Amino acid sequence: MALDRSIVGRESPAETLLVTRSRLRAFARATGQADPRYTDVDAAKQAGHRDLPVPPTFLFSIELEAPDPFRELADLGVDLRTVLHGEQEFSYHRMAYAGDELTARSRFTDVYEKKGGALQFLVRETAVTDQDGAPVATLRRTTVIRPLPGAGR
Amino acid sequence: MTEPAPGTELPSLAIEPISRTTLALFAGASGDHNPIHIDLDVARSAGLDDVFAHGLLSMAYLGRLLTDAFPQQQLRSWKVRFTAITPVHAQPTCTGRIIAVDESGDERLATIDLRVTLADGTETLTGQAVVALD
């Protein structure tokens, strides 16, 4: 099913995440991060940080705080099992730390297809700001929607 | 690392084989609860033999490669393409190589080619980062 191009430009509800040290330590554990600057507040401060730094890819998690983060895809008629991450880009404006309350504002910016429509691509941009409204980062994600293996046979 | 210049390789980062436990922990810590990564029943219902790792898990490993080599506040931007899925138990290695150093205003910016490769040679991520050197 082709995606409806009218979603381009549509904004999603803003999501906010109060970043805790506990959550960042869980992220460090899950990603095998043994660098103490990411788990030990004293080590972070010795490195010049005001608290545990939010690691480079964690900003992706803010919009996953939505009550049902996959609802938008489902509403577009997309089966979550057919979704792959195609590309991901981060541009940084300032560091974020544990204790910051980060807000993600996202919108769809492009829809296109390849292989005669067998692969569909959905591009989404997210602006992350901190509790003062200052820009933290801009994210750009391309999602690939592919046929289920075995579909159409 | 010696003075960064085109051709300089970043110290590579070898990751242990990705366990199901890691996928469960990453689902919780990242907030990406897509069951295709953690629930064998869902993976099989999609015609797959097994679960596969979150793309952002591999990108987080590449992030470690970068922050091992440079203070994080020097990372300006980066972009990756996910070129193949990472099966559970796969063993990624992250590598990076400086391909250019350019002056930009009062900064020197290094452009770094990034790559994640599995033990069987499959390339799963490629990308580029721009990092300020001073």
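Up top is the structure.
Here's a quick rundown of the structure. (Residues numbered from 1 in each chain as written. Chains lettered and ligands numbered in written order. Predicted model: local features only at pLDDT ≥ 70, side-chain atom pairs only at ≥ 80, totals over all residues.)

1. Details of the overall build of chain B
- Per the secondary structure count, chain B includes three helices and five strands.
- Helices (α) and strands (β) of chain B occur, in sequence order from the N terminus, as β-α-α-α-β-β-β-β.
- Each of the three principal axes of chain B carries a C-alpha extent, and together these read 55 × 30 × 20 Å.
- Sequence-distant contacts in chain B: of pairs separated by 6 or more residues, those separated by 24 or more amount to 66%. (Helix = DSSP H or I, 4+ residues; strand = E, 2+ residues; numbered from the N terminus. Contact = placed C-beta atoms within 7 Å.)

2. A closer look at the overall build of chain A
- Helices and strands together make up the secondary structure of chain A, namely three helices and five strands.
- Along chain A, helices (α) and strands (β) appear in the sequence β-α-α-α-β-β-β-β when read from the amino end.
- Principal-axis analysis of the C-alpha atoms places the extent of chain A at approximately 60 × 30 × 25 Å.
- Considering chain A as a whole, with its 153 residues, one finds that 31% of them fall into the buried category.
- Counting contacts in chain A only where the partners sit at least 6 residues apart, residues at least 24 apart contribute 66% of the total. (Buried ≥ 20, exposed ≤ 12 C-beta atoms within 10 Å, placed from the backbone.)

3. A word on helix α3 (residues 55-69) of chain B
- Taking 1.5 Å per residue, 15 residues should reach 21 Å; α3 of chain B reaches 22 Å between its end C-alpha atoms and fits that length.
- With 14 of 15 residues buried, α3 of chain B lies mostly within the body of the structure. (Expected span 1.5 Å × (residues − 1).)

4. What to know about the pairing of strand β2 (residues 75-82) of chain B
- Pairing analysis gives five bridges linking strand β2 (residues 83-92) of chain A to β2 of chain B, with the strands arranged antiparallel. The partner of Glu-89 of chain A across the bridge, within β2 of chain B, is Lys-79 of chain B.
- Where β2 of chain B lies against strand β5 (residues 123-132) of chain B, seven bridges are found, and the strand directions are antiparallel. Paired with Lys-79 of chain B across the bridge in β5 of chain B is Gln-128 of chain B. (Pairing = 2+ DSSP bridges.)

5. Let's talk about the interface of chain B and chain A
- Counting residues at the interface gives 37 residues for chain B and 32 residues for chain A.
- Of all the elements in the fold, those that place two or more residues in the side of chain B that touches chain A are α1 (20-30), α2 (40-45), α3 and β2 of chain B.
- Among the elements that make up the side of chain B that touches chain A, the one with the highest residue count is α3 of chain B (eleven residues).

6. Considering the pairing of strand β3 (residues 101-114) of chain A
All names here are of chain A.
- Bridge analysis of strand β1 (residues 15-18) against β3 gives four bridges, and the strand direction is antiparallel. Within β3, the residue paired with Glu-15 across the bridge is Ala-104.
- Alignment of β3 against strand β4 (residues 119-129), held across eleven bridges, turns out to be antiparallel. Within the sheet, the bridge partner assigned to Val-111 lies in β4 and is Leu-122.
- The hairpin formed by β3 and β4 contains four residues between the paired strands, and Lys-115 there has a positive phi angle of roughly 50 degrees.

7. Notes on the nonpolar core
- Core analysis: the largest hydrophobic core is formed by 58 residues, its most contacted members being Leu-24, Leu-59, Leu-102 and Val-128 of chain A together with Tyr-61, Leu-62 and Ala-129 of chain B.
- Among the elements that take part in this core, α3 of chain B stands out by supplying nine residues, more than any other.
- The residues contacting Val-128 of chain A, other than those within four sequence positions of it, are Leu-59, Ile-62, Leu-102, Thr-103, Ala-104, Val-136, Ala-137 and Leu-139 of chain A. (Core = buried A, V, L, I, M, F, W, Y, C linked by C-beta atoms within 7 Å.)

8. What about unusual backbone geometry?
- The phi angle at Lys-115 of chain A is positive, at roughly 50 degrees, despite the residue not being glycine.
- Mapping Lys-115 of chain A onto the fold places it in the loop between β3 and β4.
- Here Lys-115 of chain A falls in the exposed class, since 9 other C-beta atoms lie within 10 Å of it.
- In this model, His-89 of chain B sits at a positive phi of 80 degrees, which is unusual for a non-glycine residue.
- Along the polypeptide, His-89 of chain B turns up in the loop between β2 and β3 (92-104).

9. Side note on the sheet that holds strand β4 (residues 107-118) of chain B
- Strand order in the open sheet formed by ten strands is β1(A)-β3(A)-β4(A)-β5(A)-β2(A)-β2(B)-β5(B)-β4(B)-β3(B)-β1(B), with antiparallel pairing between adjacent strands. Both edges of this open sheet fall to β1 of chain A together with β1 (13-14) of chain B, since each of them pairs with a single strand only.
- The sheet contact formed by β3 of chain B and β4 of chain B spans twelve bridges and is antiparallel. In the strand pairing of β4 of chain B, Gly-96 of chain B is matched with Leu-114 of chain B.

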